[in-house]
Amino acid sequence: MRDILIRELNKDSDYISIKEISSQAWEPIYLHRKNIMDKDIFHSLYKDGHNNKANSLEKWCRENKNNVRLAEKDGKVIGFVTWEKFNNETIELSNNAVLPSFHGKGIGSQLYQWFFDFAKKKGFKYCFVFTGNDPAHIPARKSYEKNGFSNPVENVRFFKTL
């Protein structure tokens, strides 16, 4: 699918689109967490899971709109990518997602390629992305590997009720 426009945030409806995309794309991740975590800890951390994440992402995007790009097809926002500078040589590919109905159509790869080109033009030498190691993140890990990310370093998060 090559008729994708990658553009900046430029209207209020873009924030609604980001919330809808992230909520749909990340729902399986939060359902998985809800099924394996202590319910009280889950509620304390995530409240209503993917919707809570979508709301916090909207807030972040409003505060950092220059670090967001959208993928649009036929006037509809179908994906997004965000980033943050880590240091003078390294940039983090941060929150990113594509509408589930567009998975497997190369939208994520186009967003990543745009991001890689952008980062190189800005003088960055390296980039990294953080993702989960649980089964719900398998599609994300496969996409990152397909687009050249390698050398994963595992990260484990423990929880405890006090």
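Above this note sits the structure.
All figures in this text were calculated on a predicted structure; none of them were measured in a lab.

(A) Up close: the sheet that holds strand β3 (residues 76-85). Here five strands make up an open sheet; going across it, the order is β1-β2-β3-β4-β5 and the pairing mixed. Of all strands in the sheet, those bounded by a partner on one side alone are β1 (5-7) and β5 (126-129). Looking at each pair of strands side by side, their axes are set apart by 25° on average, direction ignored. Of the pairings in the sheet, the one linking β1 to strand β2 (residues 68-73) comprises three bridges and is antiparallel in character. Each bridged residue has a counterpart across the sheet, and for leucine 5 the counterpart in β2 is glutamate 72. On top of the sheet, helix α1 (residues 12-36) reaches β1, β2, β3 and β4 (90-98); it is set at about 90° to β3, its chief contact. On the sheet, helix α4 (residues 107-121) packs against β1, β2, β3, β4 and β5 and is oriented at approximately 160° with respect to β4.

(B) Representation of the side chain of glutamate 58 within the structure. Inspection of the secondary structure puts glutamate 58 in helix α3 (residues 50-63). Taking the relative accessible area as the measure of exposure, glutamate 58 reaches 16% and is therefore buried. For glutamate 58, the residues in contact, after removing those within four places along its chain, are Tyr15 and Lys19.

(C) The arrangement of the nonpolar core in detail. One finds Ile18, Trp26, Cys61, Phe80, Leu93 and Ile107 to be the most contacted residues of the largest nonpolar core, which totals 41 residues. The set of elements that each furnish at least two residues to this core consists of α1, α2 (39-46), α3, β2, β3, β4 and α4.

(D) Region of the structure containing α2. Within α2, burial applies to Ile41, Phe42 and Tyr46. Axial view of α2: buried residues confined to an arc of 100°, hence all on one face. Lining the buried residues of α2 we find α1 and α3. For α2, the side-chain oxygen to backbone nitrogen distance between the N-cap and aspartate 40 is 3.0 Å, and the N-cap itself is aspartate 38. Immediately beyond the C-terminal end of α2, within one or two residues, lies lysine 47, with a positive phi of roughly 45°.

Cut-off values and rules
- Residues numbered from 1 in each chain as written.
- Predicted model: local features only at pLDDT ≥ 70, side-chain atom pairs only at ≥ 80, totals over all residues.
- Heavy atoms only, no water.
- Pairing = 2+ DSSP bridges.
- Helix = DSSP H or I, 4+ residues; strand = E, 2+ residues; numbered from the N terminus.
- Axes fitted to C-alpha atoms, helices over the stretch in contact; angles between N-to-C directions.
- Contact = heavy atoms within 4.5 Å.
- Buried < 20%, exposed > 50% of the residue type's maximum accessible area, 1.4 Å probe, protein only.
- Core = buried A, V, L, I, M, F, W, Y, C linked by side-chain atoms within 4.5 Å.
- Arc of directions from axis to C-beta.
- Polar contact = N/O pair within 3.5 Å; in protein donor to acceptor, adjacent residues only side chain to side chain.

Function cannot be inferred from these measures alone, as they are strictly geometric.
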